[in-house]
Amino acid sequence: MYKIIFTDLDGTLLDDKKEISDENIKQLNRAYNEKGIKTIITSGRQAGYIKRLYEKYDCHFGDYIICANGAIIKNVISGEYVNEEYFDIEDVSFLRNIYLNSNLEYFLIYTDTNSYIEKKSDMETQDEIVIDNITKFLDTNNLKPTLCIFGGEFDELTKASEQIKMNKHILNTPISNYYTTINNEIVHHNYFDIVKVGCNKQEAIKKVLKAFDLKSDEMIVIGDGGNDVPMFECGGYKIAMGNADDVIKEKADFITDTNNNDGVAKAIKKIIFNEG
C-alpha cells in the first residue's frame, strides 16, 4: 500500500505555463482524503517558490518540502531545516568563470528565497532577478546559493560539464530540456543543474522516509528530467511523465500523460484508485 508521493514540479506537476491544474489538485487531495497518502514536492526549485505554491493552491501538500535537488529539506509548518547544503563562494566563482569563457546563454542560481540570473542575451526571464555579476552580488549581500544552473546549446553544455569535473566539490545532472510559454509562444530550453556532491533527490527522500518511518516500497515517485534520475533509483513505484526524458522513461514502471494534460492526476487515478 502506498503512503507517500514524491513529485517533481517543472515538467511534472506544473504545466508549461507554470500552473497546477485543477484536476491535479483534485486527485492529490483525493489521495490524501480517501487514502491518507501525503504528497511531498521534490524539486530543484527554491523554498520560497514552493512556499508560494502552498499559499496559492488549496492542495494538501505534506509538511516537508525537498528543494534545490535535495540540498534543502524543510518542514514548512515548523520552519525547521532537516538538511541544509550551500555552495561556497569559491565554487560559484569557479562556475562563473566557466560561464564567462563559454557560449552558454545563462548562469542561474537559487537561494532559499529567490533566483538570480546572469545572461548574455536579451532572453526573457520569469521570476529571476537579473544580476551583472552573480559572485560579487552573493558575496556583497552574504547570500548562500543552494543550486546553480547552466543553460544553452547542447554542445556548450557538454563542454561545460567536462570542465565541472575538475572540481571535486560539485557535479552536474544530465542535460535536460523543458518548454515555457513566453508571449504565447512555446520556447525550448536546454539546461543542467549543478549541485554539491552528495546532494540529490534520492538522499533527500531517504531522510523524509525516515522522518515518517516509511519504507521505499510504500512510496510513489513522479518526474520527467535528468535531476529526477536519483529519485528513480531509490525504489518505490516510478511514474514518468509523457514528456519525460528517455532516461526517465526507461526507468519507469508506468508512463502517464504529459504535464500539459493532467499527467499526474491520470497517474494517481490509475495507480492508486485503479481507474482509467
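Up top you'll find the structure we're talking about.
Everything quoted here is computed from the prediction, not taken from an experiment. (Residues numbered from 1 in each chain as written. Predicted model: local features only at pLDDT ≥ 70, side-chain atom pairs only at ≥ 80, totals over all residues. Heavy atoms only, no water.)

1. With respect to the sheet that holds strand 1 (residues 4–7)
Condition: Pairing between strands is defined by DSSP: at least two bridges between them are needed. Numbering of helices and strands runs from the N terminus, with a helix taken as a DSSP run of H or I at least four residues long and a strand as a DSSP run of E at least two residues long. Note on contacts: a residue pair qualifies if any of its non-hydrogen atoms lie within 4.5 Å across the two residues. Convention adopted: a line fitted to C-alpha atoms gives each axis, helices being fitted over their contacting stretch, and angles between N-to-C directions are expressed from 0 to 180 degrees.
Across the sheet, five strands lie side by side as 2-1-13-14-15; this open sheet has parallel pairing. Either end of the sheet is taken by a strand with one partner, and the two such strands are strand 2 (38–41) and strand 15 (254–255). Of the strand pairs in this sheet, strand 14 (residues 237–240) and strand 15 are connected by two bridges, and their pairing is parallel. Residue I239 lies in a different strand from strand 15, and its bridge partner there is F254. Along the sheet, helix 6 (residues 201–212) contacts strand 1, strand 2 and strand 13 (219–223); its crossing angle with strand 1, the most-contacted strand, is approximately 160°.

2. A closer look at the nonpolar core
Formally: Here, nonpolar core means buried Ala, Val, Leu, Ile, Met, Phe, Trp, Tyr and Cys residues that are tied together by side-chain atoms lying within 4.5 Å of each other. Burial here depends on accessible area, computed with a 1.4 Å probe over protein chains only, as a share of the maximum for the residue type. Under 20% is buried, over 50% is exposed, and the range in between is partly exposed.
With 52 residues, the main nonpolar core has F6 and I205 as its most contacted residues. Of the residues forming this core, the biggest block, five residues, is contributed by helix 2 (residues 47–56). Among all residues touching I205, those that are not within four sequence positions of it are F6, I66, M219, V221, M231 and C234. Grouped together as the second largest cluster of nonpolar side chains are 20 residues, I98, F107, I109 and F150 included.

3. Focus: the environment of V229
Along the chain, V229 falls in the loop between strand 13 and strand 14. Judged by its relative accessible area of 12%, V229 falls in the buried class. Taking the C-alpha atoms as reference, V229 lies 22 Å from D262; in sequence the two are 33 residues apart. With residues near it in sequence (within four places) discarded, V229 still touches V247, I248 and K251.

4. As for helix 2
When we look at burial in helix 2, the residues that qualify are A47, G48, Y49, I50, L53 and Y54. Summarising the contacts, the buried residues of helix 2 are in contact with strand 2 and strand 3 (64–67).

5. A short note on the packing of aromatic side chains
How we decide: Planes of paired rings set the category: under 30 degrees apart is stacked, over 60 is edge-to-face and the rest tilted, where pairs are Phe, Tyr or Trp rings (Trp by its six-membered ring) whose centres lie within 6.5 Å. We call a charge positioned above a ring when the Lys NZ or Arg CZ atom is no farther than 6 Å from the ring centre and deviates by at most 35 degrees from the ring normal.
For the structure on display, the rule yields seven aromatic pairs. Centroid distance Y116 to F137: 4.9 Å. Interplanar angle 50°. Geometry classified as tilted. Here the residue Y116 occupies a position in strand 7 (residues 115–119), and F137 occupies one in helix 4 (residues 134–141), the gap between them amounting to 21 residues. You can call Y116 buried: its relative accessible area is 6%. With a relative accessible area of 23%, F137 lands in the partly exposed category. Each member of the aromatic cluster is reached from another via a ring pair, and the members are Y99, F107, F150 and F192. Above the face of the F273 ring, R30 is positioned so that its terminal group lies 3.6 Å from the ring centre. Over the aromatic face of Y86 sits the side chain of K144, whose NZ or CZ is 4.3 Å from the ring centroid.

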